[in-house]
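# Structural overview
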Amino acid sequence: PCVGEPAKARGERLGNRKWLESALNEVVLHRGGEAQLVRIDAFVEDSFLTHSMGDGLVVATPTGSTAYSLSAGGPMLHPSTNTVVMTPISPMSLSFRPIVLPERVIIRLVVSDSSRSAALASVDGRPSVTLGSGDSIVISRSPYPVPTVNRENVTSDWVEDINNLLRWNIKAKQFAR
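Okay, so let's go over this structure. (Residues numbered from 1 in each chain as written. Predicted model: local features only at pLDDT ≥ 70, side-chain atom pairs only at ≥ 80, totals over all residues. Heavy atoms only, no water.)

Let us now look at the side chain of E26. Residue position: E26 is located in strand β4 (residues 26-30). In this structure E26 is buried but unpaired, with R126 as the nearest side chain of opposite charge at 8.6 Å. Here E26 is in contact with V58, V59, A60, G64, A67, Y68, S122, V123, D124 and G125, once residues within four sequence places are set aside. (Helix = DSSP H or I, 4+ residues; strand = E, 2+ residues; numbered from the N terminus. Buried < 20%, exposed > 50% of the residue type's maximum accessible area, 1.4 Å probe, protein only. Lys, Arg positive; Asp, Glu negative; His and termini not counted. Salt bridge = Lys/Arg side-chain N within 4 Å of Asp/Glu carboxyl O. Contact = heavy atoms within 4.5 Å.)

Here it is, written out as structure tokens:
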């Protein structure tokens, strides 16, 4: 068996609202249906990492790294790596690329005071809460691991899945017409 390490997210400075969610795949802070870009300030362990202006940020576990994060240009993380990936969604700057971090770091995403729009936090694809200027979410490793079952072992199952299910690096057969 393998143990999946889900993330947890909690809202800060959301007025009188309290918010706490667990995620198996990803936590996404994005512009939702707003036409304007959202500006997000990202911190890792209380150290400033970057300003991100774009459609949002995805913080994915290895389990979620083959979903939204991969579609936004992030890497696939092997399930036995104790990591998370932070992937920008359509960033305005080409200098902000996906970053892989240890799973035990605490990530804080703040909707910047200079953001043109509010942001929507989604956990595993479920819309959860709207954040305004100055509001933030804190993402950390959940204390509740999720046991999983493998067919053979975690590596061969993962390799088989990315080859068969994602059709990774498989060129479509070309047929003569």
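A complete count under the given rule lists 2 salt bridges for this structure. For the salt bridge of D55 with R31, the shortest nitrogen-to-oxygen distance reads 2.7 Å. Here D55 is found in the loop between β6 (47-54) and β7 (56-60), whereas its partner R31 is found in the loop between β4 and β5 (38-44), with 24 residues between them in sequence. A relative accessible area of 24% places R31 in the partly exposed class. Among the ionic pairs, E103 bridges to R141, the shortest N-O distance being 3.3 Å.

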